[in-house]
Amino acid sequence: MENIFDDVYFMKKALQEAEMAFEKGEIPVGTVIVVDNRIIARAHNLTQLLNDVTAHAEMQAITAASNFLGGKYLQNCTLYVTLEPCQMCAGALYWSQISKIVYGARDEERGCINMKTKLHPKTTIEGGVLAEEASQLLKRFFIERRNLN
């Protein structure tokens, strides 16, 4: 039997979270955390709503997944996120010992790759999954924001 749960499937779920952020006026970044082909956490940016610069989608998802698992380590988990994690989120992912990070669009300026942020030695990272869809959502958000101001 073919496994219908793949990187594209889970990134689409993360994009749904990003759309929810968009609708709330948040920068549209969404994420899901998966273990054994099961989503255990869903989140999107909440920095405006919570008035908290640390309320990135990844941070919210790490907390939710840790609560679900009953522990602070996310070994054997995969994080799907629509935008490459920033330094802060990559640092939190380092400490969570997450096994894999899959992101959509690159963040050339503030992303963890260009910033050379260290990930946990056992963490793998893969990018470009539905990158165009994620990038277009971000571009649409910032175009609309510019037109409001």
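Only a predicted model underlies this, so the values are computations on that prediction, with no experimental measurement involved.

## Focus: the pattern of salt bridges
- Per the counting criterion, the structure on display carries five salt bridges.
- The closest approach of N and O atoms between E126 and K100, which form a salt bridge, is 3.4 Å. Pair noted here: E126 is in strand β5 (residues 124-126) and K100 is in strand β4 (residues 100-105), with a separation of 26 residues, a long-range link.
- For R110, the salt bridge identified is with E109, shortest N-O distance 3.2 Å.

## What about the layout of surface pockets?
- Its volume calculated, the largest pocket comes out at about 540 Å³.
- Along the walls of the largest pocket sit 22 residues, with I27, V29, L83, D107 and R110 positioned nearest its centre.
- Secondary structure elements with two or more residues in the lining of the largest pocket: α4 (87-96) and α5 (131-148).
- A per-element tally of the lining of the largest pocket places α5 first, with four residues.

## Digging into the sheet that holds strand β2 (residues 38-44)
- Strand order across the open sheet formed by five strands is β2-β1-β3-β4-β5, with mixed pairing between neighbours. Either end of the sheet is taken by a strand with one partner, and the two such strands are β2 and β5. Ignoring strand direction, the axes of neighbouring strands in this sheet form an average angle of 15°.
- Note that strand β3 (residues 78-83) and β4 share five bridges and pair parallel. Residue pairing for β4: V81 is matched across the bridge by Y103.
- In this fold α5 packs onto β3 and β4, with an angle of close to 60° to the strand it touches most, β4.

## A word on the UniProt feature "binding site: Zn(2+)" (unreviewed entry) in the protein chain
- What UniProt calls "binding site: Zn(2+)" (unreviewed entry) maps, in this numbering, to H56, C86 and C89. The annotated residues occupy 34 residues of the chain but converge on a single region, no pair of C-alpha atoms lying more than 9.3 Å apart. Within this annotated set, the largest pocket is lined by H56, C86 and C89.
- With respect to the helices and strands, H56 occurs in the loop between α2 (47-50) and α3 (57-69).
- The class for H56 is partly exposed, based on a relative accessible area of 21%.
- Not counting residues up to four positions away in its chain, the partners in contact with H56 are N45, T47, C86, M88 and C89.
- Side-chain polar atoms of H56 contact the backbone oxygen of V53, separated by 3.3 Å.
- The topology assignment puts C86 in the loop between β3 and α4.
- Residue C86 is classed as buried on the basis of its relative accessible area, which comes to 16%.
- In contact with C86, other than residues within four places in its own chain, are H56, R110 and C112.

What counts as what
- Residues numbered from 1 in each chain as written.
- Predicted model: local features only at pLDDT ≥ 70, side-chain atom pairs only at ≥ 80, totals over all residues.
- Heavy atoms only, no water.
- Salt bridge = Lys/Arg side-chain N within 4 Å of Asp/Glu carboxyl O.
- Helix = DSSP H or I, 4+ residues; strand = E, 2+ residues; numbered from the N terminus.
- 1 Å grid on protein atoms, 1.4 Å probe; cavity = no way out; pocket = protein on both sides within 12 Å on 5 of 7 lines; lining within 4 Å.
- Points joined across faces, edges and corners; volume = space filled by probe spheres on them.
- Pairing = 2+ DSSP bridges.
- Axes fitted to C-alpha atoms, helices over the stretch in contact; angles between N-to-C directions.
- Contact = heavy atoms within 4.5 Å.
- UniProt positions renumbered as here; feature names shortened; annotations may be inferred.
- Buried < 20%, exposed > 50% of the residue type's maximum accessible area, 1.4 Å probe, protein only.
- Polar contact = N/O pair within 3.5 Å; in protein donor to acceptor, adjacent residues only side chain to side chain.

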